[in-house]
Amino acid sequence: MTTKISVVIPTYNRLELLKEAIESVRRQRFSVSEIIVVDDGSSDETASWCRMQPDIALYCTNRRGPSGARNLGAAKANGNWIAFLDSDDVWFDSHTQRAKEVIASETDCRFIICNFILTNKDLVQKQGIQGFPAAFPAFRSSERLFSILFPPNAKRDVWHGSATRQALFGNWLQPSGLLIERQLFLQAGGFNERLWRSEDMDLLLRLVK
């Protein structure tokens, strides 16, 4: 089956950051099928700017929160894969291309979660610990536990092991790095709209279950 990726970007009063996020999508080496922006009740010029962009499908809500905004975008998507991107994040140009390669090489792949780099507002990389260990303290607790979860003989750029065990040890899903089969996302019930925080951990536990 052809890989068609719909990008869902929830946003609230972040127009300038949103523009940068969208530009990073437009620069992808593997072009996405559509860009969906869900404006969650912004009071700035987000909606009017998006309406002037021919490659953006805009949906407006009245403060449903990040979970509700993402779920609405996923429901409207026409791709068989959904890639989420928060409006204060950007992707490397190779993001969707590498995801496509994983999908092609792993026949039973149903969702992908990638690592990330922390930067300042000018996209200059911050010093020190990066990625999951920086965002989720549980991954810094012990080098011994870390090596158990991610064996030293694993490929350098892919983490291996029991997803269930990893999820119980600590959250490693950050929405801007999630690419998931649309069917699986809907089957899992999407993000919990009652949660405005930790909704990523909630979804991760349901996915690995």
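Everything below is about the structure shown above.
Nothing here was measured: the structure is a model prediction, and the numbers come from that model.

Trainee: Let's hear about helix 4 (residues 95–105): which residues, and what values?
Mentor: Because each turn of an α-helix spans 3.6 residues, side chains separated by three or four positions in sequence point in the same direction. For helix 4, the full list of buried residues reads His95, Thr96, Ala99 and Ile103. Across the axial projection of helix 4, the buried residues extend over an arc of 85°, all falling on one side. Looking at helix 4, the residues exposed on the side facing more than 90 degrees away from the buried face are Ala104 and Ser105. In this structure, the buried residues of helix 4 make contact with strand 1 (5–11), strand 4 (81–84), strand 5 (111–113) and strand 6 (178–181).

Trainee: Mind laying out the sheet that holds strand 2 (residues 34–40), listing which residues take part and the relevant values?
Mentor: Strand order in the open sheet made by the 6 strands is 3-2-1-4-6-5, with mixed pairing throughout. A single partner strand is all that each edge strand has here, and the edge strands are strand 3 (56–61) and strand 5. The mean inter-strand angle of the sheet, taken between neighbouring strand axes irrespective of direction, is 20°. As defined by bridge partners, strand 1 adjoins strand 4 across 4 bridges and the pair is classed as parallel.

Trainee: Summarise the side chain of threonine 11; cite the residues concerned and give the values.
Mentor: Looking at where threonine 11 falls in the secondary structure, it is placed in strand 1. On the basis of relative accessible area, threonine 11 is assigned to the buried category, the value being 3%.

Trainee: Which residues make up the environment of glutamate 193, and what values go with them?
Mentor: Looking at the secondary structure, you find glutamate 193 in the loop between helix 8 (182–187) and helix 9 (199–208). Of the residues examined, glutamate 193 reaches a relative accessible area of 36% and is grouped as partly exposed. Sequence separation between glutamate 193 and serine 67 is 126 residues, and the spatial gap between their C-alpha atoms is 5.0 Å. Reaching out from glutamate 193, the side chain makes a polar contact with the side chain of arginine 64 at a distance of 3.1 Å.

Trainee: Which residues make up unusual backbone geometry, and what are the values?
Mentor: Although it is not a glycine, asparagine 13 adopts a positive phi angle of roughly 55°. Among the secondary structure elements, asparagine 13 is positioned in the loop between strand 1 and helix 1 (15–26). A positive phi angle, near 65°, is found at leucine 123, a position not held by glycine. Mapped onto the elements of the fold, leucine 123 is located in the loop between strand 5 and helix 5 (131–135). By relative accessible area, leucine 123 is classed as partly exposed at 46%.

Scoring rules and cut-offs
Residues numbered from 1 in each chain as written. Predicted model: local features only at pLDDT ≥ 70, side-chain atom pairs only at ≥ 80, totals over all residues. Heavy atoms only, no water. Buried < 20%, exposed > 50% of the residue type's maximum accessible area, 1.4 Å probe, protein only. Helix = DSSP H or I, 4+ residues; strand = E, 2+ residues; numbered from the N terminus. Arc of directions from axis to C-beta. Contact = heavy atoms within 4.5 Å. Pairing = 2+ DSSP bridges. Axes fitted to C-alpha atoms, helices over the stretch in contact; angles between N-to-C directions. Polar contact = N/O pair within 3.5 Å; in protein donor to acceptor, adjacent residues only side chain to side chain.

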